Amino acid sequence: MLGDAPLQAVIPAADLARARSFYTDTLGLKLAEETDEELVCDCGGTQFTIYHTPSGGQAAHTLASFKVADLDDAMSALRERGITFEEYDFPGLTTVNGIAERDNLRAAWFKDSEGNILCLAQAVSR
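The rules we used
- Residues numbered from 1 in each chain as written.
- Predicted model: local features only at pLDDT ≥ 70, side-chain atom pairs only at ≥ 80, totals over all residues.
- Heavy atoms only, no water.
- Phe/Tyr/Trp six-rings, centres within 6.5 Å; stacked < 30°, edge-to-face > 60°.
- Helix = DSSP H or I, 4+ residues; strand = E, 2+ residues; numbered from the N terminus.
- Core = buried A, V, L, I, M, F, W, Y, C linked by side-chain atoms within 4.5 Å.
- Buried < 20%, exposed > 50% of the residue type's maximum accessible area, 1.4 Å probe, protein only.
- Contact = heavy atoms within 4.5 Å.
- Patch = residues over 30% accessible without salt bridge, like charges linked within 9 Å, V, L, I, M, F, W, Y side chains within 5 Å.
- Areas by Shrake-Rupley, 256 points an atom, 1.4 Å probe, with all protein chains shown as cover.
- Salt bridge = Lys/Arg side-chain N within 4 Å of Asp/Glu carboxyl O.
- Lys, Arg positive; Asp, Glu negative; His and termini not counted.
- Charge placed at Lys NZ, Arg CZ, Asp CG, Glu CD.

Help me understand the packing of aromatic side chains, please; the structure alone is not making it clear to me.
Aromatic ring pairs: the centre-centre distance and the angle between the two ring planes describe each pair. According to the stated counting rule, one finds 5 aromatic pairs in the structure shown. With a centroid separation of 5.7 Å and an interplanar angle of 70 degrees, the aromatic rings of Phe-85 and Phe-110 are classed as edge-to-face. Placement of the pair is Phe-85 in the loop between helix H2 (71-80) and strand E6 (89-90) and Phe-110 in strand E9 (residues 105-111), with a sequence separation of 25 residues. By the ring-pair criterion, three or more aromatic residues cluster together here, those being Phe-22, Tyr-23 and Phe-48.

Help me understand the nonpolar core, please; the structure alone is not making it clear to me.
Among soluble globular proteins, nonpolar side chains are generally buried collectively. Residues Tyr-23, Leu-27, Ile-50, Phe-110, Leu-118 and Leu-120 are the most contacted members of the largest nonpolar core, which totals 26 residues. Only strand E1 (10-13), helix H1 (16-26), strand E3 (38-43), strand E4 (46-52), strand E5 (62-67), H2, E9 and strand E10 (117-123) provide two or more residues apiece to this core. In this structure Tyr-23 touches Ile-11, Gly-28, Leu-29, Cys-41, Phe-48, Ile-50, Asp-112 and Leu-118, once residues within four positions along its chain are discounted.

So what exactly am I meant to see when it comes to a negative patch on the surface here?
A cluster of acidic residues, Glu-33, Asp-36, Glu-37 and Glu-38, forms a negative patch on the protein surface. For Asp-36, the location among the structural elements is in the loop between strand E2 (30-34) and E3.

Explanation requested: the side chain of Asn-116 in the structure shown.
By the element assignment, Asn-116 lies in the loop between E9 and E10. The contact partners of Asn-116, leaving out residues within four places of it in the chain, are Ile-11, Pro-12, Gly-56, Gly-57, Leu-63, Phe-110 and Lys-111.

Written out as structure tokens, the structure is:
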């Protein structure tokens, strides 16, 4: 029933102005729409919404993942813009210099201005 329906991510923000600055200035995304309660960003041919809520940034898991062609280049560019990548050491997932490698995937996680966890992911062939 929903197989042909586009899916749009929705990310919470406690401070919408701060989130707008982060997503447009720091990440370099294009703002497609803006109201007092939400922002819509264009990203790689799709869109996602950032909405105002007092519970923004409280999720302890990844909310969205950016698929990148070169993880190292993307991380370097974001580090130049002040992004700090998270380090994790869980059973089955350990990062080294912010990067986890598993099967055919390399990934790194960072937090947005609201504390939401975002991911960069690169598919690799081995």
